[in-house]
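# Close look at the chain arrangement
The chain contents come next:
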Amino acid sequence: MLTVNHIDVFYGDLQVLWDVSFEVHEGEILVLIGANGAGKSTTIKTISSLLTPQKGTIELSGIRLDHHPPHDIIQHGIVHVPEGRRLFSEMTVEENLIMGSLYGEAKTKRYETLEYVYGLFPRLKERRKQTAETLSGGEQQMAAIGRGLMSLPKLMMFDEPSLGLAPILVQEIFSMIRRIKEEGVTILLVEQNVTQTLAMCNRAYVLENGRITLGGTGSELMENEKVKEAFLGI
Ligand code: ATP
């Protein structure tokens, strides 16, 4: 579905991704794992077109998307749920959700999708008139996911959705991601929570210092000695 082909990405003169290539298959949960600073966020920011690769290409179902503006990427069905939620803090929950549906079919079907999101997250419905800054961390993550769903995505990319959440909320967020996958949305997940994400994913890649160094099914990587040592503390 998504093909990332040999991309090099820079911040100014500083190169942070080297020749990164991987594929996301339709209907799967694909995970990118890696230490802090390995380049996971940079990879998904590049897919979202917040950054432009200096070399290489990004294709969705055969259509090249690199060098398109970010709003075009959303219209092609790719949405990015960013690290740290990035809600509009002084806007209400409902206004934040609406901001996810600014274009095309998502705009036409806005109120239908809003009911769907409230069905998935009844707590957001209860709090729809509250400003985002008054929500707990878990509720903010739900609102960020809800806003992503409002764009009617084919591919949803999550950047560290469990960051800063209590273990019980992490479970809730991960089971919501599995449910979204079951409803037909393909998932690209970037996480530090390696044990749980390898257990729930179809496939995973390891990013080290801006390069992909390993790839395989979740269970293959869980059995890999290097992964065990570096990420699982075994
Ligand atoms: P983390 O889990 O800490 O977010 P990550 O794997 O997502 O790690 P990135 O955020 O993609 O890593 O960062 C990759 C490299 O790029 C790091 O060395 C980081 O310091 C650098 N970097 C990230 N953002 C910028 C920026 N805006 N300007 C310059 N360098 C940056």
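Scroll up a little and you will see the structure.
Here we summarise the structure given alongside this text. (Residues numbered from 1 in each chain as written. Predicted model: local features only at pLDDT ≥ 70, side-chain atom pairs only at ≥ 80, totals over all residues. Heavy atoms only, no water.)

All right, on to the overall build of the chain then. Helix and strand counts for the chain come out as 11 helices and 10 strands. The C-alpha atoms of the chain give a radius of gyration of 17 Å, which matches the 17 Å a tight globule of 234 residues would have. Over its C-alpha atoms, taken along the principal directions, the chain stretches across nearly 45 × 40 × 30 Å. A buried classification covers 50% of the 234 residues belonging to the chain. With an accessible surface of roughly 10800 Å², the chain has 50% of that area assigned to carbon and sulfur atoms. (Helix = DSSP H or I, 4+ residues; strand = E, 2+ residues; numbered from the N terminus. Rg over C-alpha atoms; globule rule 2.2 N^0.38 Å. Buried < 20%, exposed > 50% of the residue type's maximum accessible area, 1.4 Å probe, protein only. Areas by Shrake-Rupley, 256 points an atom, 1.4 Å probe, with all protein chains shown as cover.)

So, on to the site of the ligand. Near the ligand there are 14 residues, and of these Gly37, Gly39, Lys40, Ser41 and Thr42 occur at the shortest range. Take Asn36: an N or O atom from its side chain is 3.4 Å from an oxygen atom of the ligand. At 2.9 Å from an oxygen atom of the ligand is found a main-chain nitrogen or oxygen belonging to Gly39. Sorting the residues of the shell around the ligand by element identifies strand E2 (14–24) and helix H1 (40–47) as the ones contributing at least two each. At three residues, H1 tops the list of elements feeding residues into the shell around the ligand. Here the shell around the ligand is built from residues that sort into five nonpolar, six polar and three charged. (Near = heavy atom within 4 Å. Polar contact = N/O pair within 3.5 Å; in protein donor to acceptor, adjacent residues only side chain to side chain. Nonpolar A, V, L, I, M, F, W, Y, C, P; charged D, E, K, R; others polar.)

Attention shifts here to the sheet that holds E2. With antiparallel pairing, the four strands of this open sheet are ordered in space as E2-E1-E4-E5. If you trace the sheet from one side to the other, it starts and ends with E2 and strand E5 (63–64), each paired once. Running over the sheet, H1 touches strand E1 (2–11), E2 and strand E4 (55–60) and is turned about 115° from E1. (Pairing = 2+ DSSP bridges. Contact = heavy atoms within 4.5 Å. Axes fitted to C-alpha atoms, helices over the stretch in contact; angles between N-to-C directions.)

Paired through backbone hydrogen bonds, the strands of a sheet run either parallel or antiparallel to each other. Taken together, six strands build an open sheet; the order of strands is E6-E7-E8-E3-E9-E10 and the sheet is mixed. Because the sheet does not close on itself, it has two edges, and the strands there are strand E6 (78–81) and strand E10 (211–217). Sheet twist, expressed as the mean angle between neighbouring strand axes with direction ignored, is 15°. Against the sheet, helix H8 (residues 167–182) touches strand E3 (29–33), strand E7 (155–159) and strand E8 (186–190), its axis set at about 150° to E8. Here helix H11 (residues 225–232) sits on the sheet in contact with E3, strand E9 (203–208) and E10, set at roughly 65° to E9.

Counting residues in hydrophobic clusters, the biggest one holds 44 residues, and the most contacted among them are Ile145, Met156, Phe158, Ile180 and Ile187. Looking at this core element by element, the count peaks at six residues for H8. Taken domain by domain, the makeup of this core includes at least three residues from each of domain 1 (1–77 + 154–234) and domain 2 (86–152). Not counting residues within four places of it along the chain, the set of residues in contact with Ile145 comprises Val81, Phe121, Met156, Phe158, Ile173 and Ile180. (Core = buried A, V, L, I, M, F, W, Y, C linked by side-chain atoms within 4.5 Å. Domains from an automatic or database assignment.)

To continue, consider a nonpolar patch on the surface. A surface patch of nonpolar side chains, about 390 Å² in accessible area, is lined by Ile74, Phe88, Met99, Leu102 and Tyr103. Tracing the sequence through the fold places Leu102 in the loop between helix H3 (93–98) and helix H4 (104–108). You can call Leu102 partly exposed: its relative accessible area is 38%. (Patch = residues over 30% accessible without salt bridge, like charges linked within 9 Å, V, L, I, M, F, W, Y side chains within 5 Å. Salt bridge = Lys/Arg side-chain N within 4 Å of Asp/Glu carboxyl O.)

For the pair helix H7 (residues 137–149) and H8, the least separation of the axes is 10 Å and the interaxial angle reads 15°. What the angle tells us is that H7 and H8 run roughly parallel. Along this stretch, H7 crosses H8, giving a crossing that reads as right-handed. Judged by residue contacts, Gly138, Gln141, Met142, Ile145 and Leu149 of H7 engage Leu169, Glu172, Ile173 and Ile180 from H8. Taken together, the residues that form the contact of H7 with H8 break down as six nonpolar, two polar and one charged. (Parallel < 35°, antiparallel > 145°, perpendicular 65-115°, else oblique. Left-handed = near helix turned anticlockwise from the far one by under 90°.)

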